[in-house]
Amino acid sequence: METWTLSLLFLTVLLVQRGTCGQKSIDPTVPGEEGTQSRQPGPAGPKAGRCAYTVVVPQQRLTGSLCITSRGGESGVANSSDVAALRGELSYQQRQLEEVRALVGRESGLAQEVRGWRGENAGLNARIAQLNAELLQQVLHSGEQALAQQRLQELLLNATTQVQQLTVSYRELENNYKTLTSAMSSQNALINRLEKQCQRDSTDLPQQGPRNESPETKKVDSDIQKDQSVSRDDPAAITPSPALKASLASFPVTKSPGPWRDCQHALDSGQLTSAIYLLQPLRTNRLLQAWCEQNQAHGGWTVIQRRQDGSVNFFRTWEQYKQGFGNLDGEYWLGLEHLYWLSAQAVYRLRVVLEDWQGRQVFAEYDSFRLEPESDSYRLRIGEYRGTAGDSLSWHNNKAFTTLDRDRDGYSGNCAHYQKGGWWYHMCAHSNLNGVWYRGGHYRSRYQDGVYWAEFHGGSYSLKKVAMMIKPT
Ligand SMILES: [Ca+2]
């Protein structure tokens, strides 16, 4: 642009000079930024005083160099017409120059504007670069977030899988438990049938005085308490037939005539020996056998529960807890139904006798004891405590009985499952005398399932000997 401007100025100067030598005009508007002008040396001799100009324009506009030659009048003296023509030409050139100057002014304005735009452009470029950097950072950040989310999803997936596996395991356990319960029930039924068969066989035998029975026979005879009872629905049971009486009397350890209302009744009738006695509560047709404790604490105690060597499993079903189980001269449970009828015939008190592994004996007595009927889940009703063991049963007062197959406790699960017994569980137990008999006192178990009385050595100490007995007040 500047070169073009200078070229135009130079041309103007030349034209002004030409005014003095009577040159012909050339077209100064011929475009071409690169165009050059050169003054050719004038001819010598007679042609001196005349001017000749050569204007070279870019070849891309014109083909080849353009040489314009103008000669003055033949006479070599400028006349007035030539001067007028030159003046006209000069004024024309001046106008052209003004236009060019205006153009130059506009061009410089445009150049400034362009420079301004360039500056703005640089600012915009910097801003775009900054935005790019921010965008990149955000992309990277969002990538990290996506990774974290993916990790969370994986964790969630793992947890879900574990829960599903646990559910499957739990269902398997449940099925196994049902199978075991079913097997236990069927075995129990089989034992009942065998014992009934045994009873019938012994009834059919002629009475020939004391039999020389094997220890196994003796054990079976005294094993399951329920087989010593007779259903009220059986008409023959209202008055025991001589044959039945004979069969019951044939138990070697049951030497007293009976039946007695309870052990106090037997004691009052002169039965002073602690042994198994035949009992029949008032207003019932039930005949049952129980161990009578006639020496301890003034005697007359009907033993309803006993633990002493872990020989009997107390993790039993409702039906078994209802009817009773175990060995009358060893560990046994008298049966909730028997307990109900016994405790319904008078006001009874309960005595719990405990012995630890160092031989220390303590007791807990409750001045009243009775059970509600089965329709109320043999709910426990006990009175005031007194004794040396501490009171670990009042917390269970007014609670229903719970077994592994009948949950009547106040806990969301079944306490019998954890405590491994049947009891008047609350949430769950301060006493668990039907739990697992562990040898040696302190035991290790996942659950608090030992034979314990919390007020005496706590819940993680399994007692050596335990007995529950009742007696009318
Ligand atoms: Ca429960």
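Note that this is a predicted model, so its numbers are computed, not measured.

(A) Fine view of the environment of alanine 400. The topology assignment puts alanine 400 in the loop between β12 (385-387) and α8 (415-419). C-alpha separation for the pair alanine 400 and tyrosine 378, spaced 22 residues apart in sequence, amounts to 5.9 Å. Residue contacts for alanine 400: discarding those within four places in its chain leaves Asp376, Ser377, Arg379, Arg408, Trp423, Trp424 and Tyr425.

(B) Just the pairing of strand β4 (residues 275-279), in detail. For β4, a buried count of five out of five residues is recorded, marking the element as mostly surrounded by other parts of the structure. Across five bridges, the pairing between β4 and strand β5 (residues 288-293) is antiparallel. Each residue of the ladder has a partner; that of leucine 279, found in β5, is leucine 288.

(C) Seen up close, the state of the cysteines. The final tally for this structure, using the stated rule, is two disulfides. Between the sulfur of cysteine 263 and that of cysteine 292 lies a disulfide, 1.9 Å long from S to S. The chirality of the disulfide connecting cysteine 263 with cysteine 292 is left-handed, given an S-S dihedral of about -75 degrees. Here cysteine 292 lies in strand β5 and cysteine 263 lies in helix α5 (residues 263-268), a separation of 29 residues in the sequence. The disulfide that involves cysteine 415 links it to cysteine 428, with 1.9 Å between the sulfurs. Disulfide cysteine 415-cysteine 428: the torsion about the S-S bond is -80 degrees, which places it as left-handed.

Conventions we followed
Throughout, a residue's number is its position along its own chain's written sequence, starting from 1. Residue-level local features of this predicted model are given only where pLDDT is at least 70; pairs of side-chain atoms are given and counted only at 80 or more, and the full residue set underlies all totals for whole chains, interfaces and linings. In computing side-chain properties, one takes all heavy atoms of the structure into account and sets aside hydrogens as well as water. Helical segments are the DSSP runs of H or I of at least four residues, strand segments are the runs of E of at least two, and each set is numbered from the N terminus. Should any heavy atoms of two residues lie within 4.5 Å, those residues are counted as being in contact. When a residue's accessible area, from a 1.4 Å probe over protein chains only, is under 20% of the maximum for its type it is buried; when over 50% it is exposed; and in between it is partly exposed. DSSP bridges decide pairing: two strands pair if at least two such bridges lie between them. In plain terms, two cysteine sulfur atoms within 2.5 Å form what is called a disulfide here.

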